[in-house]
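Here's the letter readout for the chains.
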Amino acid sequence: MNQYTPPKVWTWNKPNGGAFASINRPIAGPTHEKELPVGKHPLQLYSLATPNGQKVAIMLEELLARGHKGAEYDAWLIRINDGDQFGSGFVEVNPNSKIPALMDRSEPKPVRVFESGSILTYLAEKFGEFLPTERAARAETFSWLFWQMGSAPYLGGGFGHFYAYAPEKIEYAIDRFAMETKRQMDVLDRRLAESEYLAGPDYTIADMAVWPWYGGLAKGRSYNDAADFLSVHEYKHVQRWADAIDARPAVKRGRMVNRISGDPAYQLHERHDASDFETKTQDKLQAAE
């Protein structure tokens, strides 16, 4: 491999290669004019079923499962590989151009909420669910929620990128981020050896945030054969926790929302009513054509 010598001043004069080269750029702001659709419910979710996108759909389905009718929502598909996140309407909701983004139109003045951890916290406080009120338990929940925010970039943008998506395999980069990912899995395994859920005995927004990333890795859903490469079967307590959350009906539904890959029976490109899970998955829409 040729030795790279960084220039004195970096300039962007070519795509950086890899699976996401066409949507990466060093500037913010919209690239085109496009208004966002608005459905009939108070909550409007603009997302894709990446790990970050799954968090919010799972939270909304869990709230509905607990009887909160005000948590009804429309979920609109944002195809990030097509650059939908750079449309003017989306940038108004999230100036960072990342999914998920939420508009709450139940308030006197519509409220925009962006960044997945912020959305989980907003919804937990709005509906009084999945976030303890006792100070120590609340602090533990936020500690694990923010642990995910700081840790997952090493799993996704670090390990996942260099292992599965980079245009060439770089041993140093893969070794560096594989080591860190395994360290993080060990952090979780040690915590889950002493606690049923991350913040204690109760399922919280911390679990909803961590599970799509690390539960997905534990169950072999991430980055091709990464589960074998990282020997994730060794993390027995993470596996126990991942299986328990995987079995929750609201989680199963939330994983389907805005999904555009995998089995068509588990893809619900848009969600506007609870009945859509039964009638508008891609397998049924394709059969009706």
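Residues numbered from 1 in each chain as written. Predicted model: local features only at pLDDT ≥ 70, side-chain atom pairs only at ≥ 80, totals over all residues. Heavy atoms only, no water.

Enquirer: Help me understand a nonpolar patch on the surface in this model?
Expert: Together, Y4, W10 and W12 line one region of the surface with nonpolar side chains, adding up to about 430 Å² of accessible area. Following the sequence through the fold, Y4 ends up in the segment before β1 (43-47). Judged by its relative accessible area of 56%, Y4 is exposed. (Patch = residues over 30% accessible without salt bridge, like charges linked within 9 Å, V, L, I, M, F, W, Y side chains within 5 Å. Areas by Shrake-Rupley, 256 points an atom, 1.4 Å probe, with all protein chains shown as cover. Salt bridge = Lys/Arg side-chain N within 4 Å of Asp/Glu carboxyl O. Helix = DSSP H or I, 4+ residues; strand = E, 2+ residues; numbered from the N terminus. Buried < 20%, exposed > 50% of the residue type's maximum accessible area, 1.4 Å probe, protein only.)

Enquirer: Is there a simple way to think about the domain arrangement of the chain in this case?
Expert: When the parts of a complex come together, some accessible area is lost, and that lost area is often used as the size of the interface. Annotation of the chain at the domain level lists domain 1 (43-127) and domain 2 (135-248). Once you take the C-alpha centre of each, domain 1 and domain 2 turn out to be 22 Å apart. With both chains or domains summed, domain 1 and domain 2 bury close to 1,100 Å², and 66% of this area falls on carbon and sulfur atoms. It is P51, K55 and E62 in domain 1 that bury the most area against domain 2; as a group they hold 39% of the surface buried on that side. At the boundary of domain 1 with domain 2, the tally comes to two salt bridges. Taking the shortest distance from any N to any O, the salt bridge between E125 and R138 comes out at 2.9 Å. Counting every contact that joins domain 1 to domain 2 gives five residue pairs in polar contact (both at pLDDT 80 or more). Within the residue set of the side of domain 1 that touches domain 2, elements represented by two or more residues are α1 (51-65) and α3 (116-127). When residues in the side of domain 1 that touches domain 2 are grouped by element, the largest group, seven residues, is from α1. For the side of domain 1 that touches domain 2, the class distribution of residues is five nonpolar, five polar and three charged. (Domains from an automatic or database assignment. Buried area = accessible area lost by both parts, 1.4 Å probe. Polar contact = N/O pair within 3.5 Å; in protein donor to acceptor, adjacent residues only side chain to side chain. Nonpolar A, V, L, I, M, F, W, Y, C, P; charged D, E, K, R; others polar.)

Enquirer: What's the story with the pattern of salt bridges in this structure? I'm lost.
Expert: A pair can form between side chains of opposite charge whenever their charged atoms are brought close. Tallying each qualifying case throughout the model produces 17 salt bridges. For D273, the salt bridge goes to K40, with nearest N and O atoms at 3.1 Å. With D273 in the loop between α9 (249-256) and α10 (276-279) and K40 in the segment before β1, the pair connects residues that are 233 residues apart, well separated along the chain. A relative accessible area of 59% places K40 in the exposed class. E61 serves as the salt-bridge partner of R253, at 3.0 Å between the closest nitrogen and oxygen. One end of the pair, R253, is in helix α9; the other, E61, is in helix α1, and 192 residues separate them in sequence.

Enquirer: For this particular structure, what's the right way to read the UniProt feature "domain: GST C-terminal" (unreviewed entry) in the chain?
Expert: Those residues carrying the UniProt feature "domain: GST C-terminal" (unreviewed entry) are residues 134-268 in this numbering. Along residues 134-268, the helical share is 68% and the strand share 0%, with 37 Å between the first and last C-alpha atoms. (UniProt positions renumbered as here; feature names shortened; annotations may be inferred.)

Enquirer: Could you clarify how one ought to interpret the pairing of strand β2 (residues 73-77) in this entry?
Expert: Residues in a regular strand project their side chains so that they alternate between the two faces of the sheet. With five of its five residues buried, β2 lies for the most part within the structure. Side chains of β2 alternate between two faces, with Y73, A75 and L77 and D74 and W76 buried alike. Bridge count for β1 against β2 is five bridges, and the pairing is parallel. From the neighbouring strand, S47 faces β2, where its bridge partner is L77. In this fold, the crossover linking β1 to β2 by way of α1 has right-handed handedness. (Pairing = 2+ DSSP bridges. Right-handed = clockwise from strand over helix to strand, strands pointing away.)

Enquirer: Any chance you could explain the environment of K284 here in plain terms?
Expert: Inspection of the secondary structure assignment puts K284 in helix α11 (residues 282-288). Separated by 144 residues in sequence, K284 and E140 have C-alpha atoms that sit 43 Å apart. In contact with K284, not counting residues within four places along its chain, are E278 and T279. (Contact = heavy atoms within 4.5 Å.)

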